[in-house]
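Residue-level structure breakdown
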Amino acid sequence: VCGNLGSGCCENGMLSETTGCTLAICAAFPGLVYDEERHLSTYLGFKKGDFVLLPWAPTAGMLLKHFRDEFGCGMDYAAFSEAAEKIAPGSEGLILLPHCAGAISPDCNPDARGVAYGITLAHKKAHWARAIMESVAYLLKDNLEIMKKLGAEVKEIRSLGGASKSDVWMQIKADVLNLTVTTTECEEATSLGAAILGAVACGDFKDTAECISSMVRIRKRYIPGSNAVLYPEFFKQYQHLNKMLMPTFGGNL
């Protein structure tokens, strides 16, 4: 919640997503939302009477770290991003389900596992790097679709975590979501959010909106590009594969 505030999400339609080891999405909400289908959870917001929708997934950036450590042959994150940028959207048919430590949102199945579908001999490390980035973007979009069904307004995403340092990954998210994705100058948004609350409590600012306008600075905006028209079909394929396989995890073949 502090990270959401520290990224400057003070207007309707602004959400934060953090791709670190895990994926966490945070959207302020004016009232308590109970999802009868149990896709998403509601938590207390930063001020009395406010709430947030906060879906999350156990693995996100951890997938790229694991691939780098086990199969990267010395490549660093910058090299992976450079390689992924050269691969066409859709990773030439390679689709990944990123549930390598179970699934929480929007589908809860602790027995869920990662899946690589459509592998051919043509797929190289660069394809895997891009497919990992795309899988996290698909998972993010999957959660946002549920959030919108529950009444959340989604206009802009503020992106946090280690993945926000990758221009390629941020552009993939903007294209998959068909939304502007923004990064901020402060890399420690959670600490900044706590500082904002402290500054308002001390009376240095009249409210969080005024404090945000003074303390939060935008680093870069990623606008959906020409690849955005290609991703609806790839996302549809991801959803179909996910829907088909999710009930089978845990031995339910």
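This text gives an overview of the structure that appears in the document. (Residues numbered from 1 in each chain as written. Predicted model: local features only at pLDDT ≥ 70, side-chain atom pairs only at ≥ 80, totals over all residues. Heavy atoms only, no water.)

**A closer look at the pattern of salt bridges**
By the definition in use, this model includes eleven salt bridges. Lysine 65 is the partner of aspartate 69 in a salt bridge, and the nearest nitrogen-oxygen pair spans 2.8 Å. Here lysine 65 and aspartate 69 lie together in helix α2 (residues 61-71), a separation of four residues that amounts to about one turn. Relative accessible area serves as the criterion here: at 33%, lysine 65 is assigned to the partly exposed category. Its salt-bridge partner being glutamate 145, residue lysine 141 comes within 3.5 Å of it at the nearest N-O pair. With lysine 141 and glutamate 145 both in helix α4 (residues 125-149) and four residues apart, this pair spans about one turn of that helix. (Salt bridge = Lys/Arg side-chain N within 4 Å of Asp/Glu carboxyl O. Helix = DSSP H or I, 4+ residues; strand = E, 2+ residues; numbered from the N terminus. Buried < 20%, exposed > 50% of the residue type's maximum accessible area, 1.4 Å probe, protein only.)

**Comments concerning the layout of surface pockets**
Each pocket or cavity is described by its volume, and for the largest pocket that value is around 470 Å³. Lining the largest pocket we find 24 residues, and of these Cys10, Glu11, Asn12, Ala28 and Phe29 sit closest to its centre. Among the secondary structure elements, those contributing two or more residues to the lining of the largest pocket are α1 (2-6), β1 (14-19), β2 (23-29), β4 (51-53) and α7 (208-215). The dominant element in the lining of the largest pocket, judged by the number of residues it contributes, is β2, at three residues. Grouping the amino acids of the lining of the largest pocket by side-chain chemistry returns 14 nonpolar, six polar and four charged. When its volume is computed, the second largest pocket comes out at roughly 410 Å³. Lining the second largest pocket are 24 residues, with Thr18, Leu160, Gly161, Glu187 and Ala189 sitting closest to its centre. Looking at the lining of the second largest pocket, the elements with two or more residues in it are α1, β1, β2, β8 (156-160), β9 (180-184) and α6 (189-201). Tallying contributions element by element places β2 first for the lining of the second largest pocket, with three residues. For the lining of the second largest pocket, the class distribution of residues is eight nonpolar, eleven polar and five charged. (1 Å grid on protein atoms, 1.4 Å probe; cavity = no way out; pocket = protein on both sides within 12 Å on 5 of 7 lines; lining within 4 Å. Points joined across faces, edges and corners; volume = space filled by probe spheres on them. Nonpolar A, V, L, I, M, F, W, Y, C, P; charged D, E, K, R; others polar.)

**Notes on the side chain of histidine 39**
Position of histidine 39 relative to the elements: it lies in the loop between β2 and β3 (42-44). Residue classification places histidine 39 among the buried residues on the basis of a relative accessible area of 17%. A polar side-chain atom of histidine 39 sits 2.5 Å from the main-chain carbonyl oxygen of proline 106. Not counting chain neighbours up to four residues away, the residues in contact with histidine 39 comprise Ile104, Ser105, Pro106, Asp107 and Ile146. (Polar contact = N/O pair within 3.5 Å; in protein donor to acceptor, adjacent residues only side chain to side chain. Contact = heavy atoms within 4.5 Å.)

**Structural notes on the environment of threonine 19**
In this structure, threonine 19 sits in strand β1. Threonine 19 gets classed as buried once you look at its relative accessible area, which sits at 1%. Dropping the residues within four chain positions of it, threonine 19 is found in contact with Ala60, Gly61, Val136, Leu160, Gly161, Gly162, Ala163, Trp169 and Lys173. One polar contact links threonine 19 to lysine 173, side chain to side chain, over a distance of 2.7 Å.

None of this, on its own, says anything about what the molecule does.
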